[in-house]
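Spelled out from the first residue to the last, the chains are:
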Amino acid sequence: MTNLPTERIAWLMQVTPTLNEGLKRAFTVVVPSADLQVRRDARLAEVAKTIKLPGFRPGKVPASLVKQRYSDSVNAELLEEVINDATTKLFAEQNVRPAMQPKVEVVSAIEDGKDLEFKVETEVLPEIEVPDLSGLKLTRLGAKVSEETVEKALNDVARRSRKFETIEEDRAAAQGDVVCVDFVGKLDGTPFDGGTADDVNVEIGGEGFIPGFAEQMEGMKAGEERVINVTFPADYQAEELAGKAVTFDIKAKSLKKAVDPAIDDELAKTIGFENLEQIRKIITEQAEGEYQQLSRLRIKRDLLDALSEKTDFEAPSSMVDAEFNQIWARVEEDRKAGRLDEEDAGKDEETLKADYRRIAERRVKLGLLLAEIGRKQEIQVSREELLGAMQQEAQRYPGQEQMVFEFFSKNPQAVEGLRGPILENKVVDYLIELADVTDKEVTPEELAEIPPAEL
């Protein structure tokens, strides 16, 4: 026994099934102490070649001393290694496809003369029969970019390039005027970070950075000072100010009027374009891209609703729990910030949880079904596609791109997190190509109305 190669030790184990109920499986695994000893001795021999101890030449430290000093650390390494190897072999032999990370409980750890015993509990992926997808009918909505849309965007461009001319007339600020002000924001009478600014142009009747901020400056004259009261929105990005009532000490310095530039080639050149036509083209292309994204979102939603009606298998509860917990965490954040929609805000917590658990179960089932379709159709995610996804993720952190790539290189699970959405979209593309698709033109507003998922 002790002459067996160490790479075979993980196979030498006794497996006893202890649970086979629905999707739940459990096993007790025993790895004989003699097999463990072979691997442990080999590991200690490797350690002995590299350690340096006073009074001993490299590689000449007695085996008994090496064991005395390093046995515990080697046992800890072996425990994780052997359990991983044994569990992998166990699942392969028992034809088990875990739905989530299995739960492992060590009954008897690695010690001299003792067998390693541990328990493994897991949920397995269900047997999924891909439904008949022939006869699948979908409608692909589309919208055209109107001249009104382009003109509105051009007006926004001009507005962002507007200039402000001082009004010499001695009068109070009225709707449409711009007041140049200095202000100091105070919370409970004390100035707060980010609440002080000078020479800020505030349009009366325009959008203030806090509701009620600009409105209270109507009627001010140059040189006038005023204290206004506002309340930050509940979802304001600075948590220490969210939902808080504050004051602003305002000093009006001058009264101005906004002058929008003419929408022409000169405007285009001032913002870095060759001419107005180039801006029109870019605006149109951007709008078309947005419409295409909305169109795909709509047809994907319709496809998933159709597939949901065809799913007829049990979803692993552990996967549903994990999905629900992620959803519920976001719901809790939205509720605290006052962002729940009117329908959800009117529900009690028990009803709300039941609704979102059904959503979680739907997502898990659809994810498993799409993955199974991808597996049977041999739809793969290429290395180039994964690399592209990593690059996109890295671009979200300017200056830290190398750190992002290092993170992915050390965390295979994070890479799998990128693979899943890519595979899902490729399967969706395959199914849309398979379906009988009817194109229908609608207005941009109709295209943007995303209906709730059918549960």
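I will try to describe carefully the structure that is included in this document. From a predicted model like this one, the values you see are computed outputs, not experimental measurements.

1. Concerning the overall build of the chain
In terms of regular secondary structure, the chain is built from twelve helices and eleven strands. Scaling as 2.2 N^0.38, a compact globule of 455 residues should have a C-alpha radius of gyration of about 23 Å, whereas the chain reaches 33 Å, well beyond that. When its C-alpha atoms are laid out on the principal axes, the chain stretches across 100 × 70 × 55 Å. When burial is assessed residue by residue, the chain has 34% of its 455 residues classed as buried. Residue pairs at least 24 apart in sequence account for 69% of intrachain contacts in the chain once pairs closer than 6 positions are excluded. Approximately 27,900 Å² of the chain is accessible, and the part contributed by carbon and sulfur atoms is 47%. For the chain, the separation between the mean place of its 61 positive charges and that of its 91 negative charges on side chains is 6 Å.

2. So, the pattern of salt bridges
Going through the model one piece at a time under the given rule, you end up with 36 salt bridges. The shortest N-O distance in the salt bridge between K89 and E93 comes to 3.5 Å. Residue K89 and its partner E93 are located together in helix α2 (residues 63–93), separated by four residues, close to a single helical turn. The class of E93 is partly exposed, set by a relative accessible area of 46%.

3. A word on the layout of surface pockets
Empty space within the second largest pocket amounts to approximately 310 Å³. Along the walls of the second largest pocket sit 16 residues, with R25, N95, V124, L125 and E127 positioned nearest its centre. Of all elements in the fold, only β1 (14–21), β2 (24–31) and α8 (349–376) reach the threshold of two or more residues within the lining of the second largest pocket. Of all the elements, β1 adds the most residues to the lining of the second largest pocket, at three residues.

4. Concerning the packing of helix α6 (residues 317–336) against α8
Between α6 and α8, the least distance of the axes is 8 Å, while the angle of their chain directions is 135°. Relative to α8, α6 is oriented oblique. As for how α6 packs across α8, the hand of that crossing is right-handed. Residues M319, V320, D321, E323, F324, I327, W328, R330, V331 and R335 of α6 pack against E349, L352, K353, Y356, R357, I359, A360, E361, R363, V364 and L368 of α8. Among the residues forming the contact of α6 with α8, the class breakdown is twelve nonpolar, no polar and nine charged.

5. Considerations on the sheet that holds strand β4 (residues 116–123)
Read from one edge of the open sheet, four strands run β1-β2-β4-β3, paired in antiparallel fashion. Looking at strand neighbours, the two that pair on one side only are β1 and β3 (103–108), the edges of this open sheet. Here the strands of the sheet are splayed against their neighbours by 15° on average, with no regard to which way each runs.

6. Regarding helix α9 (residues 383–394)
With twelve residues, α9 ought to run about 16 Å at 1.5 Å a step, and its terminal C-alpha atoms sit 16 Å apart, in line with that. Buried within α9 are the following residues: L386, A389, M390 and A394. Within α9, the buried residues cover an arc of 140° as seen down the axis, which keeps them to one side. Those residues of α9 that are exposed and angled more than 90 degrees off the buried face are E384 and Q392. Buried positions along α9 lie against α10 (401–410) and α11 (412–434).

7. A closer look at the nonpolar core
If you look at the biggest cluster of nonpolar residues, it comprises 35 residues, and the most contacted ones within it are L303, L307, V331, Y356, L370 and L431. For this core, the secondary structure elements donating two or more residues are α5 (276–308), α6, α8 and α11. With ten residues, α8 is the largest single contributor of residues to this core. Judged by nonpolar contacts, the second largest core, of 24 residues, contains A173, V179, V230 and Y236.

8. Section: α8
Because an α-helix completes one turn every 3.6 residues, residues spaced three or four positions apart along the sequence face the same direction. Relative to the 40 Å expected for 28 residues at 1.5 Å per residue, α8 spans 40 Å between its end C-alpha atoms, a close match to the ideal helical length. Capping the start of α8, D348 holds a side-chain oxygen 3.1 Å from the backbone nitrogen of E350, two or three residues further along. One or two steps after α8, the chain reaches E378, where phi turns positive at roughly 55°.

9. Digging into the packing of aromatic side chains
Scanning the entire structure with this criterion turns up eight aromatic pairs. Each ring, one from F192 and one from F232, has its centre 5.9 Å from the other, and the planes form 75°; the classification is edge-to-face. Within this pair, whereas F192 is found in strand β8 (residues 190–203), its partner F232 is found in the loop between β9 (225–231) and β10 (245–259), the two being separated by 40 residues in sequence. Accessibility assignment for this pair places F192 and F232 in one class, buried. Ring geometry for F213 versus F248: centroids 5.1 Å apart, planes at 80°, classification edge-to-face. A residue pair is termed long-range when its members are at least 10 positions apart, and F213 in the loop between β8 and β9 and F248 in strand β10 qualify at 35 residues. The class for F213 is buried, based on a relative accessible area of 2%. Following the ring pairs from residue to residue traces out a cluster consisting of F183, F192, F213, F232, Y236 and F248. Across the ring face of F324, the terminal group of R357 is positioned such that the distance to the ring centre comes to 4.5 Å.

Each value, and the rule that gives it
- Residues numbered from 1 in each chain as written.
- Predicted model: local features only at pLDDT ≥ 70, side-chain atom pairs only at ≥ 80, totals over all residues.
- Heavy atoms only, no water.
- Helix = DSSP H or I, 4+ residues; strand = E, 2+ residues; numbered from the N terminus.
- Rg over C-alpha atoms; globule rule 2.2 N^0.38 Å.
- Buried < 20%, exposed > 50% of the residue type's maximum accessible area, 1.4 Å probe, protein only.
- Contact = heavy atoms within 4.5 Å.
- Areas by Shrake-Rupley, 256 points an atom, 1.4 Å probe, with all protein chains shown as cover.
- Lys, Arg positive; Asp, Glu negative; His and termini not counted.
- Charge placed at Lys NZ, Arg CZ, Asp CG, Glu CD.
- Salt bridge = Lys/Arg side-chain N within 4 Å of Asp/Glu carboxyl O.
- 1 Å grid on protein atoms, 1.4 Å probe; cavity = no way out; pocket = protein on both sides within 12 Å on 5 of 7 lines; lining within 4 Å.
- Points joined across faces, edges and corners; volume = space filled by probe spheres on them.
- Axes fitted to C-alpha atoms, helices over the stretch in contact; angles between N-to-C directions.
- Parallel < 35°, antiparallel > 145°, perpendicular 65-115°, else oblique.
- Left-handed = near helix turned anticlockwise from the far one by under 90°.
- Nonpolar A, V, L, I, M, F, W, Y, C, P; charged D, E, K, R; others polar.
- Pairing = 2+ DSSP bridges.
- Expected span 1.5 Å × (residues − 1).
- Arc of directions from axis to C-beta.
- Core = buried A, V, L, I, M, F, W, Y, C linked by side-chain atoms within 4.5 Å.
- Polar contact = N/O pair within 3.5 Å; in protein donor to acceptor, adjacent residues only side chain to side chain.
- Phe/Tyr/Trp six-rings, centres within 6.5 Å; stacked < 30°, edge-to-face > 60°.
- Lys NZ or Arg CZ within 6 Å of the ring centre and 35° of its normal.

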